Amino acid sequence: MRRSAIIGSLMAIALLFVSEPAGAGIGARVYGGFSHISYSDYNDWVDQANEEIGIGEKLDNIKWVPEFGGELFYPVSPMIEIGLGAGLMSGSSEYFVSGGSSTINFNSKIKAVPITANLYFRPSVPFTSMSPYLY
């Protein structure tokens, strides 16, 4: 009885990897949006500078930055895909105050190029229209 349960379990696991047809070769994904970043050294300095300056104009923290990128993926088995991608994130904070004959202009910019490598697992869920995946 125990041997047949083990064999049945192994067959069920094997069926997960071959039960869904593979994709049609190389695919592509494109994404965009805003990402929350932790730029803590700069943001802590900005908070301290805003307290010390104490005038109407304030330096801005850099927390939400636009991000866009793309990814190429290739199915290595019916339910497993490998993806390689790159993106671009950039943000800035500007401070400009003029009073009398003096002017203060401060500009901080950041740019990051995230490189990604993903492994996607798409289990087949029989008798349903759902298509969950893990990455």
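Note that the structure is predicted; figures quoted are calculated from it, not measured.

On to the packing of aromatic side chains, then. The geometry of an aromatic ring pair is captured by the separation of the ring centres together with the interplanar angle, meaning the angle of the planes. Per the stated rule, a full pass over the model turns up zero aromatic pairs. Seen from the ring of Phe-73, Arg-29 lies directly overhead, with NZ or CZ sitting 3.9 Å from the centre. When the ring centre of Tyr-120 is taken as origin, the NZ or CZ atom of Arg-29, which lies over that ring, is 4.6 Å away.

Formed by Ile-37, Tyr-42, Val-46, Ala-49, Leu-59, Ile-62, Val-65, Met-89, Tyr-95 and Ile-110, the largest nonpolar core amounts to ten residues. Residue assignment for this core shows that the elements contributing at least two residues are α2 (40–53) and β3 (80–99). Among the elements that take part in this core, α2 stands out by supplying three residues, more than any other. When near neighbours in sequence (up to four residues on either side) are disregarded, Val-65 contacts Gly-33, Phe-34, Ser-35, Ile-37, Met-89, Ser-90, Gly-91 and Ile-110.

Let us now look at the pattern of salt bridges. Counted under the stated rule, the structure contains two salt bridges. Residues Arg-29 and Glu-71 are paired through a salt bridge, measuring 3.6 Å at the closest nitrogen-oxygen approach. You can see Arg-29 sitting in strand β1 (residues 27–36) and its partner Glu-71 sitting in strand β2 (residues 64–77), a full 42 residues away along the chain. Arg-29 is the salt-bridge partner of Glu-81, the closest N and O atoms lying 3.4 Å from each other. In this pair, Glu-81 is assigned in strand β3 and Arg-29 in strand β1, connecting sequence segments 52 residues apart. Using a relative accessible area of 11% as the deciding quantity, one classes Glu-81 as buried. A network of salt bridges, in which partner residues are shared, links Arg-29, Glu-71 and Glu-81.

Each value, and the rule that gives it
Residues numbered from 1 in each chain as written. Predicted model: local features only at pLDDT ≥ 70, side-chain atom pairs only at ≥ 80, totals over all residues. Heavy atoms only, no water. Phe/Tyr/Trp six-rings, centres within 6.5 Å; stacked < 30°, edge-to-face > 60°. Lys NZ or Arg CZ within 6 Å of the ring centre and 35° of its normal. Core = buried A, V, L, I, M, F, W, Y, C linked by side-chain atoms within 4.5 Å. Buried < 20%, exposed > 50% of the residue type's maximum accessible area, 1.4 Å probe, protein only. Helix = DSSP H or I, 4+ residues; strand = E, 2+ residues; numbered from the N terminus. Contact = heavy atoms within 4.5 Å. Salt bridge = Lys/Arg side-chain N within 4 Å of Asp/Glu carboxyl O.

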